[in-house]
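Fold and contact review
Listed here are the chains, written in short residue letters.
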Amino acid sequence: GRPICTWIREDYFKEDDELLAYYKDFEQRLKEVDPLAYMKAFGEYLVNICHYISKQTTIWPTEPFGPFDTNTPSVLYHSMLERIVPFHFKAILWYQGESDELISHLYTNLFKILIKNWREVFENPDLPFFYVQLPNFNTHAAPNDPYLWGKQRLAQEQVTRTVPHTYMVVSTDIGEMDDIHPKDKRPVAVRLAALVQKYLYNENIAAESPRLQDARLIDSHIHLFFKGDGLPLVQPNEPIYINVVDYLGQNHPILAEVCDNQILLDCTAIPKPLKTHYCLESSCKAK
């Protein structure tokens, strides 16, 4: 339930100019906090947590910003992760990202430096990371941006495309639009377990979700090429539509035709197709 920055050691933010600026912004904000007012607010916060735990209230209190704020960069790295260094383990299972929905433009690099940080501190340069891409959810963090979580999911995907020994579970078909914590946990666990079986224990099983590798406009059809284990097995119970965007920015839902390891989109009626997108909306429900 916390931003990814809380799990990264301070010196790793220096490896990227944007991330360093992000870190320094927190530092500056902390310097501007009135210590006496903060301690008073923090004391009230602890009392209200006790009231919540003892069921005297059903309202979870808002944490005041200050030195003990659990959203501050590096705070959970030092208070939790650092305590188990140099304990060794076989792999990481990671499910996080909701709290970073407003900084998706930074998330790929934040996740990359977290992986680098953990691999170095635990002295395992190939430590595998198995992680879950965010499900569908009707977020209200930015009402005017319907693609908020879609952009975050794209940022997550870039990690497995560029960092060795990282593997991503897709969950857009099993989320709940009105619950940030989907109640059905088993499908996520099964998909994580399948990836672990395949890539950690070298079992010959289908485990990887289809991932777009290339897109080409050939005559009047867009060909979307995929890699992964699932696309040839797709047998949708209802038609699947993929949005094609023309040069004017207009969306055109086109019926998808699954053929071996590719999807065909008939764009005969679309003036100058420019790009495609599928399930980019935050609250999409992928097939």
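It should be emphasised that the depicted structure is a prediction, and the values quoted were computed from it without experimental measurement.

Conventions we followed
Residues numbered from 1 in each chain as written. Predicted model: local features only at pLDDT ≥ 70, side-chain atom pairs only at ≥ 80, totals over all residues. Heavy atoms only, no water. Axes fitted to C-alpha atoms, helices over the stretch in contact; angles between N-to-C directions. Helix = DSSP H or I, 4+ residues; strand = E, 2+ residues; numbered from the N terminus. Left-handed = near helix turned anticlockwise from the far one by under 90°. Contact = heavy atoms within 4.5 Å. Nonpolar A, V, L, I, M, F, W, Y, C, P; charged D, E, K, R; others polar. Phe/Tyr/Trp six-rings, centres within 6.5 Å; stacked < 30°, edge-to-face > 60°. Buried < 20%, exposed > 50% of the residue type's maximum accessible area, 1.4 Å probe, protein only. Pairing = 2+ DSSP bridges. Expected span 1.5 Å × (residues − 1). 1 Å grid on protein atoms, 1.4 Å probe; cavity = no way out; pocket = protein on both sides within 12 Å on 5 of 7 lines; lining within 4 Å. Points joined across faces, edges and corners; volume = space filled by probe spheres on them. pLDDT = per-residue confidence, 0-100. Parallel < 35°, antiparallel > 145°, perpendicular 65-115°, else oblique.

1. Details of the packing of helix 4 (residues 104–121) against helix 5 (residues 148–162)
Where helix 4 meets helix 5, the axes come as close as 8 Å, and the angle between the chain directions of the two elements is 35°. The way helix 4 lies across helix 5 gives a crossing that is right-handed. Mapping the contact onto sequence places Ser104, Tyr107, Thr108, Phe111, Lys112 and Ile115 in helix 4 and Lys151, Gln152, Ala155, Gln156, Gln158, Val159 and Thr162 in helix 5. By residue class, the composition of the contact of helix 4 with helix 5 is 5 nonpolar, 6 polar and 2 charged.

2. A look at unusual backbone geometry
Where the residue is not glycine, phi is negative for most of them; where a peptide bond is considered, it is trans in most cases. Looking along the chain, the bond that leaves valine 85 and enters proline 86 is cis, with omega of 5°. Its location among the elements puts proline 86 in the loop between helix 3 (75–79) and strand 1 (92–94). Positive phi values are uncommon outside glycine, yet glutamate 123 reaches one of about 55°. By the element assignment, glutamate 123 lies in the loop between helix 4 and strand 2 (129–132). The phi torsion at aspartate 219 lies on the positive side, around 55°, for a residue other than glycine.

3. Description of the packing of aromatic side chains
For the structure shown, the criterion picks out 19 aromatic pairs. Geometrically, the ring pair formed by phenylalanine 26 and phenylalanine 65 is tilted, given 6.4 Å between the ring centres and 45° between the ring planes. Taken together, the residues phenylalanine 26 in helix 1 (residues 17–31) and phenylalanine 65 in the loop between helix 2 (35–53) and helix 3 connect sequence positions 39 residues apart. Using a relative accessible area of 11% as the deciding quantity, one classes phenylalanine 26 as buried. By relative accessible area, phenylalanine 65 is classed as partly exposed at 23%.

4. Description of the sheet that holds strand 2
Across the sheet, 3 strands lie side by side as 1-2-3; this open sheet has parallel pairing. The open sheet has two edge strands with one neighbour each: strand 1 and strand 3 (166–169). In this sheet, neighbouring strand axes are inclined to one another by 20° on average, regardless of whether the strands run parallel or antiparallel. Judged from the 3 bridges that link them, strand 1 and strand 2 form a sheet pairing that is parallel. Considered in strand 2, the bridge of tryptophan 94 is made with tyrosine 131. Of the strands in this sheet, strand 1, strand 2 and strand 3 are in contact with helix 4, which crosses strand 2 at around 150°. The sheet strands contacting helix 5 are strand 2 and strand 3, and the helix crosses strand 3 at an angle near 145°.

5. Remarks on helix 6 (residues 186–199)
Given a rise of 1.5 Å per residue, 14 residues ought to cover 20 Å, and the 20 Å separating the end C-alpha atoms of helix 6 matches this to within 8%. The complete set of buried residues in helix 6 reads Val188, Leu192, Ala194, Leu195 and Val196. Those residues of helix 6 that are buried lie in contact with strand 1, strand 2 and strand 3.

6. Let's talk about the layout of surface pockets
Estimated volume of the second largest pocket: approximately 330 Å³. Lining the second largest pocket are 15 residues, and of these Gly1, Tyr95, Glu98, Ile180 and His181 sit closest to its centre.

7. Here we look at the confidence of the model for the protein chain
Residues of the protein chain with pLDDT of at least 70 account for 95%, and the chain-wide mean is 91. Strand 7 (residues 251–259) is the least confidently modelled element of the protein chain, averaging 89 in pLDDT, while strand 2 averages 98, the highest of any element.

8. Section: the environment of asparagine 124
Note that asparagine 124 resides in the loop between helix 4 and strand 2. The sequence separation of asparagine 124 and histidine 88 amounts to 36 residues, and the corresponding C-alpha distance is 8.5 Å. Aside from chain neighbours lying at most four places away, what touches asparagine 124 is Phe89 and Arg119.

9. Let's talk about the packing of helix 1 against helix 4
Across the interface, helix 1 lies against helix 4 with an axial gap of 10 Å and an inter-helix angle of 90°. It follows that helix 1 is roughly perpendicular to helix 4 by the angle criterion. Contacts from Glu18, Leu19 and Tyr22 of helix 1 reach helix 4 at Leu106, Asn109, Leu110 and Ile113. Split by residue class, the contact of helix 1 with helix 4 holds 5 nonpolar, 1 polar and 1 charged.

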